[in-house]
Amino acid sequence: MNDPHLLSLTVNGAEEEVVVEPRRTLADVLRHDLRLTGTHVGCEHGVCGACTVLLDGAPVRACLVFAVQAEGADVRTVESLDAEGRLSDLQQAFSDHHGLQCGFCTPGFLMLAEGVLAESPDADREEIREALSANLCRCTGYQTIVDAVHATACARRSQEVPS
């Protein structure tokens, strides 16, 4: 039951194998074993959203997922947004719209927003606000985060090629 398990998963496009104890969370494995420290651990109860990552494209709280549950899965962390040393469009929008202050919650918001925009590329401000209400921020008051995500959604829609 407590025997270590060889975990195979894809993280940010790279195949990874890690030996983990069944009790360890995905957040711990990402941070400590794979050294992807952009995934922050806040409350460790799934309330704050600082640890949000995409698991097979869906936003999840990495502090609530046992690493062994991610066997064979595709995991994206905030580090996946790096565009060859440049900010992604969403990260740039956060900067442009002052959607961050202390930055602790930012990685979770970025990954939640990526998941929301992938699932609902036509989301309006209210839909974005509702989706983002799942994460907590103590600094910005949320409006600037909503502004950043909405601006990204609009920009991505304007770049779509009609079929």
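The rules behind the values
- Residues numbered from 1 in each chain as written.
- Predicted model: local features only at pLDDT ≥ 70, side-chain atom pairs only at ≥ 80, totals over all residues.
- Heavy atoms only, no water.
- Salt bridge = Lys/Arg side-chain N within 4 Å of Asp/Glu carboxyl O.
- Helix = DSSP H or I, 4+ residues; strand = E, 2+ residues; numbered from the N terminus.
- Buried < 20%, exposed > 50% of the residue type's maximum accessible area, 1.4 Å probe, protein only.
- Arc of directions from axis to C-beta.
- Contact = heavy atoms within 4.5 Å.
- Core = buried A, V, L, I, M, F, W, Y, C linked by side-chain atoms within 4.5 Å.

Caption draft 1: Seen up close, the pattern of salt bridges. One pass over the structure, following the stated rule, counts six salt bridges. A salt bridge links Glu114 to Arg156; the nearest nitrogen and oxygen atoms lie 2.8 Å apart. Placement of Glu114 in helix α3 (residues 106-119) and of Arg156 in helix α5 (residues 143-159) is noted, with a sequence separation of 42 residues between them. Overall, Glu114 belongs to the buried group, its relative accessible area being 9%. When salt bridges that share partners are traced, they join Asp89, Glu114 and Arg156 into one network.

Caption draft 2: Highlighting unusual backbone geometry. Unlike most non-glycine residues, Arg35 shows phi in positive territory, near 60°. Residue position: Arg35 is located in the loop between α1 (26-33) and β3 (52-55). Exposure remark for Arg35: the relative accessible area of 62% places this residue in the exposed category. Within the chain, Glu44 stands out as a residue other than glycine whose phi angle is a positive 60°.

Caption draft 3: Structural context of helix α2 (residues 89-96). For α2, the set of buried residues is Leu90, Gln91, Ala93 and Phe94. Here the buried residues of α2 occupy an arc of 160° about the axis, which is enough to place them on one side. Looking at the buried residues of α2, the elements they touch are α3 and α5. A positive phi of about 55° marks His98, the residue just after α2.

Caption draft 4: Just the nonpolar core, in detail. Membership of the largest hydrophobic core comes to 23 residues, with the highest contact counts inside it found for Phe94, Phe109, Leu132 and Val149. Going through the elements one at a time, α2, α3, α4 (125-132) and α5 are the ones with two or more residues in this core. Excluding anything up to four places from it in sequence, Val149 contacts Leu90, Phe94, Ala113, Leu117, Ile128 and Leu132. Counting residues in each nonpolar core, the second largest holds 22 residues, with Leu30, Leu36, Cys51 and Ala67 among its members.

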